[in-house]
Amino acid sequence: QVHLVESGGGLVQAGGSLRLSCAASGSIFSINVMGWYRQAPGKQRELVATITSSRRTKYLDSVKGRFTISRDNAKNTVYLQMNSLKPEDTAVYYCNAVLATMRSPYDYEYWGQGTQVTVSS
């Protein structure tokens, strides 16, 4: 069984910073892609940033230059450094991982429980 546990959300004023962390645990064989998605009230979940095992990154246009995704492969952990936060960044942020376990050579997708990020104006 695989678990993704997020931390680091909270309330911050506009212009402030937060750092999200997500640690994957369980019978993991390899992690292909790790990433962050977010969902604001009344909106669809959207991709914020992803990073591959070779550290190739992809970002939502509206967060480019403000957010930085990174990962520690030894710790099976992904981070999202969020700077210059705006009220429109307010959402529940979900960690995502595409990985293979010891039981199966095939990649499956896993999700964390979500962490609230609220940016006040």
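Just above sits the structure.
Attention in this report is confined to the structure presented alongside it. (Residues numbered from 1 in each chain as written. Predicted model: local features only at pLDDT ≥ 70, side-chain atom pairs only at ≥ 80, totals over all residues. Heavy atoms only, no water.)

Concerning the sheet that holds strand E7 (residues 67-72)
Cut-off, in case you're wondering: The rule for pairing is simple: two strands pair if DSSP sees at least two bridges between them. Think of it this way: any DSSP run of H or I at least four residues long counts as a helix, any run of E at least two long counts as a strand, and we number them from the N terminus. Note on method: axes are straight lines fitted to C-alpha atoms, helices fitted across the in-contact stretch only, with angles between N-to-C directions ranging 0 to 180 degrees.
Here four strands make up an open sheet; going across it, the order is E1-E3-E8-E7 and the pairing antiparallel. Here the strands that pair on one side only, and so sit at the sheet edges, are strand E1 (2-7) and E7. On average, each strand axis in the sheet is tilted by 15° relative to the strand beside it, whichever way the strands run. The sheet contact formed by E7 and strand E8 (residues 77-82) spans six bridges and is antiparallel. Of the residues in E8, the one forming a bridge with Phe67 is Met82.

Overview of the environment of Gly10
Selection criterion: Categorising residues by exposure relies on relative accessible area from a 1.4 Å probe, with only protein chains included: less than 20% of the type maximum marks a residue as buried, more than 50% marks it as exposed, and the intermediate range marks it as partly exposed. We call two residues in contact whenever any of their non-hydrogen atoms come within 4.5 Å of each other.
Take Gly10: it is sitting in strand E2 (residues 10-13). Residue Gly10 is classed as partly exposed on the basis of its relative accessible area of 25%. A C-alpha to C-alpha distance of 15 Å links Gly10 and Gln113, two positions 103 residues apart in sequence. If we ignore the near neighbours within four places in the chain, the residues touching Gly10 are Leu18, Gln116, Val117 and Thr118.

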